[in-house]
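# Structural overview
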Amino acid sequence: MALDLFREMAAAHLESTGDRFFILSSTFGGTNLNFLGHGSKRQFSGVDEGSLVNLAGWGLLHIDYGERGTPNYRVAGEGQRFYRHLMRGKGSAIDQIEEETRRVISGSEYAEAHPRAAHHSREAFTWLWSGQTNDQIVSEVGDHLRKALMDATTDLVGPDANGGQEKPIERLTFHLEGLKLPSREAVVVSRIVELAEVVLSLDHRLNHIRDEADKGKPDASWEDVRRAAFTTAFMCYERDRLQVAER
């Protein structure tokens with residue numbers, strides 16, 4: 001329990017900027033940590049205070065107290081090193097990216113911020129992990145993935161943005177042209193848009209797998225469906241991060 005809490009706290013610290021610390025808040029509803037830092041939207045509810053004491057005792061957290069004696073915690077330098085050690089032990093860098101993307105997209109914070117996109121992502125992964133790849137299920141997955149990408153784009157650009165709901169790449173491109181991004185970041189973001197276009201095409205193929213079969217194209221394998229699900233989730237993840245950066 002303590003290590004699970006620490007992983008989340010360290011991840012919030014590393015994905016954020018500015019002064020970063022956690023303030024303990026105890027109410028009748030339970031014990032929570034309020035994170036102060038720019039970038040992360042992770043939430044910490046139902047926190048075990050004993051775990052915080054242990055983590056501080058292990059040197060992974062620094063503990064301080066506010067004017068009213070309220071405890072606050074910072075991830076220590078030793079804690080950051082230990083977190084990197086934990087991540088190295090979880091597999092390759094690609095494995096970690098996939099796990100982190102899936103964790104964010106399936107989390108309650110993402111669902112609250114992007115209810116429609118989260119619903120479609122959740123449905124797509126539910127079908128994916130069923131292990132079935134008949135045409136009906138593959139088409140269902142493709143439909144949910146397309147809608148997840150379209151809804152995530154709408155959340156980013158707004159419902160009244162230029163272009164229709166069915167044209168997320170056009171809407172995204174128009175939106176990004178209005179942002180003042182540093183030159184290097186602008187190049188990266190433009191490449192992400194290009195990838196999104198490819199991913200949308202892949203999702204469209206799965207959605208219309210029966211039409212593809214009529215054209216003599218091969219059936220979709222489970223790996224094809226997995227790749228579409230993950231890359232779509234990654235595109236939704238990046239749109240969520242763009243929203244954080246704009247705030």
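Shown above is the structure to which this text applies.
My aim in this report is to walk through the structure given alongside it, one point at a time. Every chain begins its residue count from 1, and numbering advances along the sequence as written. Local features in a predicted model are, by the rule used here, given only for residues with pLDDT of at least 70; side-chain atom pairs are given and counted only at 80 or more, and totals for whole chains, interfaces and linings are based on all residues. Side-chain metrics rest on all non-hydrogen atoms present in the structure, leaving aside hydrogens and water.

### Description of the packing of helix α1 (residues 2–14) against helix α2 (residues 49–57)
What counts is decided by this rule: Angles here are taken between N-to-C directions and fall from 0 to 180 degrees, while the axes themselves are lines fitted to C-alpha atoms, restricted in helices to the stretch in contact. Going along the chain from the N terminus, every DSSP run of H or I of four or more residues is numbered as a helix, and every run of E of two or more is numbered as a strand. Throughout this description, any angle smaller than 35 degrees is read as roughly parallel, any larger than 145 degrees as roughly antiparallel, any in the 65 to 115 degree range as roughly perpendicular, and the remainder as oblique. Residue contacts are defined here by distance: any two heavy atoms, one from each residue, within 4.5 Å place the two residues in contact. When residues are sorted by character, Ala, Val, Leu, Ile, Met, Phe, Trp, Tyr, Cys and Pro go into the nonpolar class, Asp, Glu, Lys and Arg into the charged class, and all the rest, Gly among them, into the polar class.
Their axes nearest at 9 Å, the elements α1 and α2 cross at an angle of 75 degrees. Here α1 lies roughly perpendicular to α2, going by the angle between them. Along its contact with α1, which presents A2, L5, F6 and M9, the element α2 presents S51, L52 and L55. Across the contact of α1 with α2, the residue classes tally to six nonpolar, one polar and no charged.

### With respect to the sheet that holds strand β3 (residues 61–65)
Working definition: the strands of a sheet are paired by backbone hydrogen bonds and lie parallel or antiparallel to each other. Quick reminder of the rule: Whether two strands pair depends on DSSP finding at least two bridges between them.
Spatially, four strands are ordered β2-β1-β4-β3 in an open sheet, and the strand pairing comes out antiparallel. Two strands close off the open sheet at either side, each with one partner strand: β2 (30–38) and β3. For this sheet the average axis-to-axis angle between neighbouring strands, irrespective of direction, equals 25 degrees. One ladder, built from eight bridges, connects strand β1 (residues 17–27) with β2; its direction is antiparallel. Directly across from S25, in β2, lies its bridge partner N32.

### A look at α2
As a reminder, the rule being used: For every residue, the accessible area obtained with a 1.4 Å probe (protein chains only) is divided by the maximum for its type, and the residue is called buried under 20%, exposed over 50%, and partly exposed between those limits. An arc is given here, and it is the one of the directions from the helix axis to the C-beta atoms.
Every buried residue belonging to α2 is among S51, L52 and L55, and all of these are buried. In an axial view of α2, the angular spread of the buried residues amounts to 100 degrees, which keeps them on one side of the axis. Pointing more than 90 degrees away from the buried face of α2 are the exposed residues V53 and G57. Close packing links the buried residues of α2 with α1, β1, β2, β3 and β4 (71–75).

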